[in-house]
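# Report on the structure
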Amino acid sequence: MNLERLRHEFWQNGYLALDNFFESNLMDEIDKNIRNHFGDNPEFWHEEEFLTRSKTEVIPWFPQNPDLPEYSPEAAAPFDRVEADQKLQRLTRALLGDAWRPLYSMVMFSKKGTSGQAWHQDCPPDDSARFNLNRLVYTRDISPDIGGLTVVMPGSHRLGELPAGEPHEDLRGQVVLKPRKGMLVLLHGHTWHRVLPITDAFRFSTNYRACPEGTPADITDICLYRNMRYRFSTNSVVEERYPTS
Ligand SMILES: O=C(O)CCC(=O)C(=O)O
Ligand SMILES: [Fe+2]
């Protein structure tokens, strides 16, 4: 792993997609636990207003949080192993500096026929030094016929606010990533990104969010979409956004 090259590429593009980063057996264990947790038809979790307005349909699970009633050390064990992975730790340090902090891991599940995740920035880009890093782990291939591919805009972590507009349209310059089993995607929280609608089966990813020193733990409380700023802690739209022309 050439850390210097990866660091340069990350800061140039606002993301990295690394194939075969994790070993197959570990991915299988996590995949099995995620399938067990969600079953075949999980209930939605967010408020109705959020689901419809944000064009984002995900059901979260926090497998490593011992304060939750569904926590089990056995189910958490393979997630703990990914978190402790030395390669992942070294790469995170190269991107965020020695004093980086993990936030929490979160699985996001999307059912068949749902809208994926509209264009967003995980946190507002008001201050370029304040951001989260997504460390996304994929435990099975997401083939284009399932939908649910991850789309990023290279270099957009330096472009300020995602422009107001249609939540899900194609933007010039976008890059479509095809997540595969064992892949790691590192994504700067200011990088514009989305997940395409899920046309077949289901899709999920596991995100080990992290942040640089001095970042508040609630950095991702407000998410910026093309039609609004939304605050998760209060389930409220804090700003409506309209295209200027
Ligand atoms: O699941 C993905 O591919 C992207 C998820 C995402 O947008 C996020 O974790 O912030
Ligand atoms: Fe995101």
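Residues numbered from 1 in each chain as written. Chains lettered and ligands numbered in written order. Predicted model: local features only at pLDDT ≥ 70, side-chain atom pairs only at ≥ 80, totals over all residues.

## Observations regarding the site of ligand 1
Taken together, Met108, Gln117, Asp122, Asn134, Leu136, Thr150, His193, Val195, Ser205 and Asn207 are the residues near ligand 1. Counting only elements with at least two residues in the shell around ligand 1, the list comes to strand S5 (133-137), strand S9 (193-195) and strand S10 (203-211). Residue classes in the shell around ligand 1 are distributed as three nonpolar, six polar and one charged. (Near = placed C-beta within 6 Å. Helix = DSSP H or I, 4+ residues; strand = E, 2+ residues; numbered from the N terminus. Nonpolar A, V, L, I, M, F, W, Y, C, P; charged D, E, K, R; others polar.)

## Re helix H5 (residues 86-96)
Every buried residue of H5 is accounted for by Leu91, Leu95 and Leu96. One side of H5 carries all its buried residues, which in axial view fall inside an arc of 115°. Those residues of H5 that are exposed and angled more than 90 degrees off the buried face are Gln86 and Arg90. Residues of H5 that are buried in the fold lie against helix H1 (3-13), S5, strand S8 (184-188) and S10. Where H5 ends, the next residue or the one after it, Gly97, has phi of about 95°, a positive value. (Buried ≥ 20, exposed ≤ 12 C-beta atoms within 10 Å, placed from the backbone. Arc of directions from axis to C-beta. Contact = placed C-beta atoms within 7 Å.)

## With respect to the packing of helix H2 (residues 24-38) against helix H4 (residues 73-84)
At a minimum axis distance of 9 Å, the contact between H2 and H4 shows a crossing angle of 140°. As far as their axial angle goes, H4 and H2 are oblique. Between H2 and H4 lies a crossing of left-handed hand. Judged by residue contacts, Leu26, Glu29, Ile30, Asn33 and His37 of H2 engage Ala75, Pro78, Phe79, Arg81 and Val82 from H4. Tallied by class, residues from the contact of H2 with H4 come to six nonpolar, two polar and two charged. (Axes fitted to C-alpha atoms, helices over the stretch in contact; angles between N-to-C directions. Parallel < 35°, antiparallel > 145°, perpendicular 65-115°, else oblique. Left-handed = near helix turned anticlockwise from the far one by under 90°.)

## Looking at the packing of H1 against H5
Taken N-terminus to C-terminus, the directions of H1 and H5 make an angle of 55°; their axes are 9 Å apart at the nearest point. As far as their axial angle goes, H5 and H1 are oblique. For the pair H1 and H5, the crossing hand works out as right-handed. Residue-level inspection shows Leu3, Leu6, Arg7 and Phe10 of H1 in contact with H5, the latter providing Arg90, Leu91, Ala94 and Leu95.

## Some details on the environment of Val151
Position of Val151 among the secondary structure elements: in strand S6 (residues 150-152). According to the C-beta neighbour criterion, Val151 is partly exposed, with 19 such atoms within 10 Å. The spatial distance from the C-alpha of Val151 to the C-alpha of Asn207 is 16 Å, given a sequence separation of 56 residues. What Val151 contacts, discounting residues up to four positions off in sequence, is Gln174, Val176, His193, Arg194 and Leu196.

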